[in-house]
Amino acid sequence: MINKVILIGNLGKDPEVRHLEGGSSVANFTLATNENYKDKTGEWQKQTEWHNIVAWGNLAEYSEKWLKKGMLVFIEGKLTHRKYQDKEGNDRYITEVKSVSIRTMEKREYSGDESGQQPMDIASTPPAFDQEDDLPF
């Protein structure tokens, strides 16, 4: 079975990062993807889909440091669903993409960082298969 999501889109907001008691970090942000198509009358239409993205550990720290609202990014991950209760005790359901790789897709000036570092692509784990294998599963 395969559960893989690949998205290229723009961040809808700066990542919200929480640092948990055990020392791990989690980042949440939204990503907008756009699709252009012609409707029945031949007019071009633009449809935007919003995706909830979750990043854990090193990916959360990377997101906090390098990602900003509006940036074009490549996200690779898996689709997850979870249930939670709101403040009134009502059951709520959310669909999220748990990221395993985040890559910035645009060049920007990062003059605010004293180290002069540029963002790097980051993945939570290296590929789990040998190059000589035909398939990764």
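What counts and what doesn't
- Residues numbered from 1 in each chain as written.
- Predicted model: local features only at pLDDT ≥ 70, side-chain atom pairs only at ≥ 80, totals over all residues.
- Heavy atoms only, no water.
- Helix = DSSP H or I, 4+ residues; strand = E, 2+ residues; numbered from the N terminus.
- Buried < 20%, exposed > 50% of the residue type's maximum accessible area, 1.4 Å probe, protein only.
- Contact = heavy atoms within 4.5 Å.
- Areas by Shrake-Rupley, 256 points an atom, 1.4 Å probe, with all protein chains shown as cover.
- Pairing = 2+ DSSP bridges.
- Polar contact = N/O pair within 3.5 Å; in protein donor to acceptor, adjacent residues only side chain to side chain.

Novice: What exactly am I supposed to notice about the overall build of the protein here?
Specialist: If you tally the helices and strands in the protein, you get one helix and seven strands. Sequence-ordered secondary structure for the protein, helices as α and strands as β, is β-β-β-β-α-β-β-β. In the protein, which comprises 137 residues, the proportion classed as buried is 29%. Taking the contacts inside the protein whose residues are at least 6 apart along the sequence as the reference set, 55% of them involve residues at least 24 apart. About 10,100 Å² of surface is accessible on the protein, with carbon and sulfur atoms providing 48% of the total.

Novice: What is the right way to read the pairing of strand 4 (residues 44-56) from this model?
Specialist: The pairing of strand 3 (residues 25-38) with strand 4 spans 13 bridges and is antiparallel. Its bridge partner lying in strand 4, valine 26 is registered against tryptophan 56. Taking the residues between adjacent antiparallel strands as the criterion, strand 3 and strand 4 are bridged by five residues, where glycine 42 takes a positive phi near 90°. Relative to strand 6 (residues 91-104), strand 4 runs parallel, the two being bridged by three bridges.

Novice: Explanation requested: the side chain of histidine 51 in the structure shown.
Specialist: Inspection of the secondary structure assignment puts histidine 51 in strand 4. One polar contact links histidine 51 to threonine 33, side chain to side chain, over a distance of 2.8 Å. Setting aside residues up to four positions removed in sequence, histidine 51 forms contacts with Leu7, Phe29, Thr30, Leu31 and Thr33.

Function cannot be read off these values alone, since they describe shape.
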